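Summary of the model geometry
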Amino acid sequence: MVWFGHSLSNLSQLRREYIGHDAVTSVEYVELPESACQVVDSIARVDPRKGKVLHRYYSEMTRCLAEMARVLKPGKAAIVVVGSSTMRGMDTRTDVCLGEIGKHVGFELIGFLKPESR
């Protein structure tokens, strides 16, 4: 980020704005589809703060996917590559949750492609 003109002293504040950062104050949470709510609630029962972190991530991704749906030309496709995550020993089901969020914001979900086991 320094290469783009940001100062070293400003980097810490800048990182708080990254998607997926674990800061949970001053966050605009959005209502999530049922599948994402269930995952967030499951994590929150084990660790309330991690539940908020996950809710923040899915809220931010809701806004990103909504913007993608808005600017994508009609009839064109978007491919979203995601990796799942484990929080407190539980799968966050990122693929399923983002698929549901995508449908919620107007995408048609064609399917999932899982990597082959090696």
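See above for the structure.
Presented here is a report on the structure given in the accompanying data block. (Residues numbered from 1 in each chain as written. Predicted model: local features only at pLDDT ≥ 70, side-chain atom pairs only at ≥ 80, totals over all residues. Heavy atoms only, no water.)

**Looking at the side chain of T92**
Relative to the helices and strands, T92 is located in the loop between strand 2 (90–91) and helix 4 (94–104). Beyond its immediate chain neighbours, meaning those up to four positions away, T92 contacts V39, L54, Y58, S84, S85, M87 and C97. (Helix = DSSP H or I, 4+ residues; strand = E, 2+ residues; numbered from the N terminus. Contact = heavy atoms within 4.5 Å.)

**Brief notes about helix 3 (residues 48–71)**
The end-to-end C-alpha separation of helix 3 is 35 Å, in line with the 34 Å expected for 24 residues at 1.5 Å each. All buried positions along helix 3 are accounted for by G51, V53, L54, R56, Y58, S59, E60, M61, T62 and L65. The secondary structure elements touched by the buried residues of helix 3 are helix 2 (34–46), strand 1 (86–87) and helix 4. With a side-chain oxygen lying 3.1 Å from the backbone nitrogen of R49, the N-terminal cap of helix 3 falls on D47. (Expected span 1.5 Å × (residues − 1). Buried < 20%, exposed > 50% of the residue type's maximum accessible area, 1.4 Å probe, protein only. Polar contact = N/O pair within 3.5 Å; in protein donor to acceptor, adjacent residues only side chain to side chain.)

**Description of unusual backbone geometry**
Its identity is not glycine, yet R88 carries a phi of approximately 55 degrees, on the positive side. Within the secondary structure layout, R88 lies in the loop between strand 1 and strand 2.

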